[in-house]
Amino acid sequence: MTNEPNDELTVAVLGPGGIGGLLAALLSRAGHRVICLAGDETAHTLRTSGIRVRSAVFGDFTAGVEADTELREPVDACLIAVKATALDAALERVPPKTLGDALVVPFLNGVEHAAALRDRYRPDTVAPATIRAESTRVAPGEIEHATPFAEIDLTGDTVPGDRLAALAQALRDAGPATRVLPDETATLWAKMTFLAPFALLTTRHGLPLGDVRTRHREELTALAAETAAVSSACGAPADPDQTLARYDAFPPQTKSSMQRDAEAGRPLELDAIGGALLRAAERHGVPVPVASRVVRELRDAELTVALGASALPVEV
Ligand SMILES: NC(=O)c1ccc[n+]([C@@H]2O[C@H](COP(=O)([O-])OP(=O)(O)OC[C@H]3O[C@@H](n4cnc5c(N)ncnc54)[C@H](OP(=O)(O)O)[C@@H]3O)[C@@H](O)[C@H]2O)c1
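Residues numbered from 1 in each chain as written. Predicted model: local features only at pLDDT ≥ 70, side-chain atom pairs only at ≥ 80, totals over all residues.

Under an unreviewed UniProt entry, the chain has the name 2-dehydropantoate 2-reductase and belongs to Streptomyces dysideae. The record held by UniProt for the chain lists under Function (unreviewed entry) the comment "Catalyzes the NADPH-dependent reduction of ketopantoate into pantoic acid." Recorded under Catalytic activity (unreviewed entry), the UniProt text for the chain is reproduced unchanged: "(R)-pantoate + NADP(+) = 2-dehydropantoate + NADPH + H(+)". (UniProt positions renumbered as here; feature names shortened; annotations may be inferred.)

Here's what the structure looks like:
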């Protein structure tokens, strides 16, 4: 993609859910050609009804998109917005040969997916992004964007800067505030240091952030410190006090998406977040006793649910 800013792009969106659906609709509304890649039923719904967005910042609107179960033609960029648990299966819909030199832009939380994508696609096309927003797919093609912001950081150590800049411009023009950041490790770990303690403990205790930060303060503080230590060891210095201050600034009823997944009985992105944290700690010899215990408890609980028994007790 070497387009001038504001040129019309053809963008595939793999996984038109909370994040993918929002971005697909915004890009389509901005005049880009959007092809959503999904399962049969969702693709059919999107083709016939488009994507309906309800958003305090971007307005309530419906955008027409194309939809298919597989990528069948070259595109400028392919945004990847499935959950980590669905990534391997979903990538079958995007054959490397068809994708060619399109940018591959994963919006997944976690720090390991970029390497996996570089194994499958051209390494100089993989440009990971993080997004700060809360957006929910309430039904196929129906997206509720809850936060009064949607902010994207786009990065990619292996990707030519002009390609990142062109995509960032298109995203920015479509709505979300979008920055291009130079250091991929720092960008992905910046999200991880905030997300991991928050997601793991709200899910472990079945409590919103307000209760976790008061009733489980010591555990939250320890986990923030461990995560920051691992991040620093990976080359992304982090300040756990700053992370705690951010938690303290959130509304008390805030829940993590991992917690919402647990409540709904959906698979958790536990390996992409907790598992990846432990693997990085192991690689760098950083002790993470609290993270190890919490991840083990969550894994045991997932297994228990899979076996049909009740999961962790939910505190009230
Ligand atoms: N949602 C947020 O607010 C938010 C914020 C920041 C980061 N993230 C991260 O963004 C990623 C996506 O999260 P999300 O909340 O947007 O997920 P989501 O709402 O569950 O959407 C995932 C989408 O992937 C689709 N999908 C599942 N398996 C597929 C397959 N094999 N082939 C094609 N499509 C498939 C689903 O299709 P159906 O519609 O047919 O079920 C769904 O539309 C996650 O890593 C999450 O942690 C999310």
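On we go.
(A) Geometry of the overall build of the chain. Helix and strand counts for the chain stand at 13 helices and 12 strands. Rg of the C-alpha trace for the chain: 19 Å, near the compact-globule value of 20 Å for 316 residues, within the 12% margin. Per-residue burial for the chain yields a buried fraction of 47% across its 316 residues. When contacts within the chain are restricted to residue pairs at least 6 apart in sequence, long-range pairs at least 24 apart make up 69% of them. (Helix = DSSP H or I, 4+ residues; strand = E, 2+ residues; numbered from the N terminus. Rg over C-alpha atoms; globule rule 2.2 N^0.38 Å. Buried ≥ 20, exposed ≤ 12 C-beta atoms within 10 Å, placed from the backbone. Contact = placed C-beta atoms within 7 Å.)

(B) Broad picture of the packing of helix H9 (residues 217-233) against helix H10 (residues 240-249). Contact pair H9 / H10: the axes reach a minimum separation of 9 Å and the direction vectors enclose 135°. On the basis of their axis angle, the class for H9 and H10 is oblique. Viewed along their axes, H9 and H10 form a crossing whose handedness is right-handed. Where H9 abuts H10, its residues Leu220, Thr221, Ala224, Ala225 and Ala228 lie against Pro240, Thr243, Leu244 and Tyr247. (Axes fitted to C-alpha atoms, helices over the stretch in contact; angles between N-to-C directions. Parallel < 35°, antiparallel > 145°, perpendicular 65-115°, else oblique. Left-handed = near helix turned anticlockwise from the far one by under 90°.)

(C) Representation of the sheet that holds strand E5 (residues 66-68) in the model. Ordered by their spatial adjacency, five strands build an open sheet running E5-E2-E1-E6-E7, and the pairing between neighbours is parallel. Looking at strand neighbours, the two that pair on one side only are E5 and strand E7 (103-106), the edges of this open sheet. On average, adjacent strands in this sheet sit at an angle of 20° to one another, irrespective of strand direction. As paired strands, strand E2 (residues 33-37) and E5 are joined by three bridges and run parallel to one another. Counted as the bridge partner of Ile35 is Glu66 from E5. On the sheet, helix H2 (residues 40-49) packs against E2 and E5 and is oriented at approximately 165° with respect to E5. (Pairing = 2+ DSSP bridges.)

(D) Structural view of the UniProt feature "domain: Ketopantoate reductase C-terminal" (unreviewed entry) in the chain. Mapped onto this structure's residue numbering, the UniProt feature "domain: Ketopantoate reductase C-terminal" (unreviewed entry) falls at residues 186-300. Its end C-alpha atoms 31 Å apart, residues 186-300 is made of 77% helix and 0% strand.

(E) Spotlight on H9. Taking 1.5 Å as the rise per residue, H9 with 17 residues should run 24 Å; its terminal C-alpha atoms sit 24 Å apart, in good agreement. For H9, the complete set of buried residues consists of Leu220, Leu223, Ala224, Glu226, Thr227, Ala228, Val230 and Ser231. (Expected span 1.5 Å × (residues − 1).)

(F) Molecular detail of the site of the ligand. Inspection of the region around the ligand gives 30 residues, with Gly15, Gly17, Gly18, Thr42 and Ala86 positioned closest. Counting only elements with at least two residues in the shell around the ligand, the list comes to helix H1 (18-29), helix H3 (87-91) and strand E9 (135-139). Top element by residues in the shell around the ligand is H1. It accounts for three residues. (Near = placed C-beta within 6 Å.)

(G) Looking closely at the domain arrangement of the chain. Along its sequence, the chain is organised into domain 1 (10-182) and domain 2 (186-306). Counting residues at the interface gives 13 residues for domain 1 and 11 residues for domain 2. Residue composition of the side of domain 1 that touches domain 2, by class: five nonpolar, five polar and three charged. (Domains from an automatic or database assignment. Nonpolar A, V, L, I, M, F, W, Y, C, P; charged D, E, K, R; others polar.)

(H) Molecular detail of the nonpolar core. Residues Val13, Cys36, Cys78, Leu79 and Val105 are the most contacted members of the largest nonpolar core, which totals 100 residues. At nine residues, the largest contribution of residues to this core is made by helix H7 (residues 184-205). Shared between two domains, this core holds at least three residues of each, these being domain 1 (10-182) and domain 2 (186-306). Excluding its chain neighbours within four sequence positions, the residues that come into contact with Cys78 are Ala12, Leu14, Leu71, Val94, Leu99, Ala102, Val104 and Val105. (Core = buried A, V, L, I, M, F, W, Y, C linked by C-beta atoms within 7 Å.)

(I) Fine view of the UniProt feature "domain: Ketopantoate reductase N-terminal" (unreviewed entry) in the chain. Here, UniProt's "domain: Ketopantoate reductase N-terminal" (unreviewed entry) annotation points to residues 11-148. End C-alpha to end C-alpha, residues 11-148 measures 25 Å, and it is 28% helix and 31% strand.

(J) Seen up close, the sheet that holds strand E11 (residues 151-154). The strand order E8-E11-E12 describes an open sheet built from three strands, whose pairing is mixed. The open sheet has two edge strands with one neighbour each: strand E8 (129-132) and strand E12 (177-180). In this sheet, adjacent strand axes meet at a mean angle of 15° when their direction is disregarded. Along the sheet face, helix H6 (residues 161-174) touches E11 and E12 and points at about 170° away from the line of E12.

(K) Spotlight on the pairing of E11. Here E8 runs beside E11; their pairing, made up of four bridges, is antiparallel. Counterpart to Ala129 in the pairing with E11 is Leu154. Direction of pairing for E11 relative to E12: parallel, over a ladder of four bridges. Bridge pairing in E12 places Asp153 opposite Arg179. Tracing the backbone out of E11, into H6 and back to the parallel element E12 gives a crossover that is right-handed. (Right-handed = clockwise from strand over helix to strand, strands pointing away.)

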